[in-house]
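Here is what each chain is made of, one letter per residue.
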Number of protein chains: 4
Amino acid sequence: MAVHGESDVEVSVPISGSLTEWGHSLQARVYFADTDFSGVVYHARYLEFLERGRSDYLRLAGIHHAELDDGKMGKRLAWVVRRMEIDFRAPARIDDILTVETWTARISGVRIFMAQKILRNDVELIRAQVEAAVIDERGRPQRFPAEWIESFKPSDRSG
Amino acid sequence: MAVHGESDVEVSVPISGSLTEWGHSLQARVYFADTDFSGVVYHARYLEFLERGRSDYLRLAGIHHAELDDGKMGKRLAWVVRRMEIDFRAPARIDDILTVETWTARISGVRIFMAQKILRNDVELIRAQVEAAVIDERGRPQRFPAEWIESFKPSDRSG
Amino acid sequence: MAVHGESDVEVSVPISGSLTEWGHSLQARVYFADTDFSGVVYHARYLEFLERGRSDYLRLAGIHHAELDDGKMGKRLAWVVRRMEIDFRAPARIDDILTVETWTARISGVRIFMAQKILRNDVELIRAQVEAAVIDERGRPQRFPAEWIESFKPSDRSG
Amino acid sequence: MAVHGESDVEVSVPISGSLTEWGHSLQARVYFADTDFSGVVYHARYLEFLERGRSDYLRLAGIHHAELDDGKMGKRLAWVVRRMEIDFRAPARIDDILTVETWTARISGVRIFMAQKILRNDVELIRAQVEAAVIDERGRPQRFPAEWIESFKPSDRSG
């Protein structure tokens, strides 16, 4: 019964998703908390699914939010979202298993532009462009270390 | 003590905000639930503040989500967000009182484009453009009644 | 039209609620974000309404979360919830205006027990008992200052 | 590096958790969205982790929220939480992998009492007792089918 995007409820998935040729892919379930009274997922909750995709992409590249906050890079740092563009193309529903795809569209010394999709099976529900940066405690943008720029090479993935 | 955007904790505000010459204005508090471990408001929670502004703008124009859902217009209808562009310019913090400003940028027969700002005192924290529509239970877009188009006349407000 | 607990959409309310003889009362609106696909408010979102009531009760007694976090009391402090009991008696719906009532049931040197209700008009929707404490950065409970104990004298309010 | 409850970021987990001798176990990650400005998980967000545990326990027993809502049992039904008791014993943090354990404490014709724990590795963070029921569109409690009562036999698990 694949109506909710699951071939089998007993399927196992990598808890942090997987690195792919073009970026990162994560599977996640829609629960009660994600929905609203119109019967589908509340629009702002898609941003939480997108954030999970980005966080797990960073995680598999060796970047952990808790470590940045603990000062591992020399001072307390945090990732912040600067700008988002989001197209809500079709709704997700309770019990759906979603796939969150994340890749680098462009990276400069202090900004990264990520592209993201949320799909149910092969149906594209959400498209997003996200501009992010790393700031210190005073809100000042920090230059990305060379190895991050290496890890997040832009993909030429179309679309 | 105006540090959190409040001149006085005992200030009273219209619970649904107010209609203005150019659109609608609403004041709302930042609570624990809106923040994340980086110390400021979680980026997706700003969308909830924006939604409150749009819902109260509709409410003061006589449009109630519960009534649309109950079939007041002849069948079950719901407002949906089709697309958002959001600039996160500066962070809001716990205890802040925010002002959410909403106005119509453009309206057609089936789509409305709203512009929104979130401010703390006179500091602009968030800018957003929101494209919304009304759909029936099958997800089909519905034409806006003439009186809605009248109520949501575009403002020529710059910025 | 008082169906959603509002006598008038243009009503004004104190943004931080009001101190009463027995404690504190706050009015707050139910928006899209608070609901789930069953058509009513998602059970965990009532805890956000309850938290707003407690935070505003503290606020009107001169206790601000941001100041505690900034070290105003000599070190970084935070309020934490230790235990909750919640009865979900009847559901709240989109557009409802809710009243959150909060009072002190008992206070000791390091713990406060607050009782809370959420009502729509005179209908009781939620009852809660909340045990809270103040901790430092290492998680150690802190003794309440004498003036807090004075401010949060237990009410003998029945029920 | 097991500090966040993970032996390996590339670990795979059953997306709906697993049935156990005594009930159900689910693993889930803590993300940005789950935390608040005090640096740990926001208290109401633990209820979302608990709900995921209960929903997936039902799912593996063949009960799907979407199907109940679609009228599979003869009319539209929904699970509701009637009462919760929650002990917040220790905080979870960003990046943690949590284990949500759920089992039946007691079941009658119209009510089920579930016990739940949230752990990080072997440390118990949350304990909860949850009373739930199934209601129809008018809010009336429904008798559980015999096969549900069979599926949710109480466990004599201590604690």
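Quick summary incoming for the structure in this document. Here the structure is a predicted model, which is why all the values come from computation and not from measurement.

Ring pairs (aromatic) are described by centroid distance and by the angle formed between their planes. Using the criterion set out here, one finds 28 aromatic pairs over all chains in the structure. Following the ring pairs from residue to residue traces out a cluster consisting of Trp79(A), Phe144(A) and Trp148(A). When the ring centre of Phe49(B) is taken as reference, the NZ or CZ atom of Arg52(B) above it lies at 4.7 Å. Cation over ring: Arg106(B) sits above Phe113(B), and NZ or CZ is 4.1 Å from the ring centre.

Let's shift gears to the relation of the copies chain B and chain D. With an axial shift of 0.0 Å and an RMSD of 0.0 Å, the rotation relating chain B to chain D amounts to 180°. What the rotation and shift describe, once combined, is the action of a two-fold rotation axis. Across chain B, the smallest distance between a C-alpha and the rotation axis is recorded for Asp36(B), namely 1.9 Å. When the interface residues of chain B are mapped onto chain D, 100% of them are again interface residues, pointing to one common binding face.

Read from one edge to the other, the open sheet built from twelve strands follows the order 2(A)-3(A)-5(A)-6(A)-7(A)-4(A)-4(B)-7(B)-6(B)-5(B)-3(B)-2(B), with strand pairing classed as antiparallel. In the strand order of this sheet, the two ends are held by strand 2 (18-19) of chain A together with strand 2 (18-19) of chain B, each with one partner. As judged from the two bridges shared by strand 2 of chain B and strand 3 (residues 24-29) of chain B, these two strands associate in the antiparallel manner. Following the sheet pairing, Leu19(B) is matched in strand 3 of chain B by His24(B). Sheet contacts for helix 1 (residues 45-60) of chain A: strand 2, strand 3 (24-29), strand 4 (77-88), strand 5 (97-107), strand 6 (112-120) and strand 7 (123-136) of chain A; angle to strand 3 of chain A, the most-contacted strand, approximately 135°.

Time to look at the relation of the copies chain A and chain D. Relating one copy of the chain to the other requires a rotation about an axis plus a shift along that axis. Rotating chain A by 180° and translating it 0.0 Å along the rotation axis places it on chain D, where the RMSD comes to 0.0 Å. Of the interface residues in chain A, 100% have counterparts in chain D that sit at the interface too, so the contact is made through matching surfaces.

We now examine the interface of chain A and chain D. Every contact between the two is made by 33 residues of chain A and, on the other side, 33 residues of chain D. Here chain A and chain D share an interface that buries about 2,900 Å² over both sides, 59% of which is from carbon and sulfur atoms. Inspection of the region where chain A meets chain D yields four salt bridges. In this assembly, chain A and chain D are joined by 19 residue pairs in polar contact (both at pLDDT 80 or more). Mapped by element, the contributors of at least two residues to the side of chain A that touches chain D are strand 1 (12-14), strand 3, helix 1 and helix 2 (65-69) of chain A. Per-element accounting of the side of chain A that touches chain D gives the leading share, eight residues, to helix 1 of chain A. By residue class, the composition of the side of chain A that touches chain D is 16 nonpolar, seven polar and ten charged. As paired elements, strand 1 of chain A and strand 1 (residues 12-14) of chain D share three bridges and run antiparallel to each other. When the bridges of strand 1 of chain D are listed, Val13(A) appears paired with Val13(D).

Scoring rules and cut-offs
- Residues numbered from 1 in each chain as written.
- Chains lettered and ligands numbered in written order.
- Predicted model: local features only at pLDDT ≥ 70, side-chain atom pairs only at ≥ 80, totals over all residues.
- Heavy atoms only, no water.
- Phe/Tyr/Trp six-rings, centres within 6.5 Å; stacked < 30°, edge-to-face > 60°.
- Lys NZ or Arg CZ within 6 Å of the ring centre and 35° of its normal.
- Least-squares fit on C-alpha atoms with pLDDT ≥ 70 in both.
- Contact = heavy atoms within 4.5 Å.
- Pairing = 2+ DSSP bridges.
- Helix = DSSP H or I, 4+ residues; strand = E, 2+ residues; numbered from the N terminus.
- Axes fitted to C-alpha atoms, helices over the stretch in contact; angles between N-to-C directions.
- Buried area = accessible area lost by both parts, 1.4 Å probe.
- Salt bridge = Lys/Arg side-chain N within 4 Å of Asp/Glu carboxyl O.
- Polar contact = N/O pair within 3.5 Å; in protein donor to acceptor, adjacent residues only side chain to side chain.
- Nonpolar A, V, L, I, M, F, W, Y, C, P; charged D, E, K, R; others polar.

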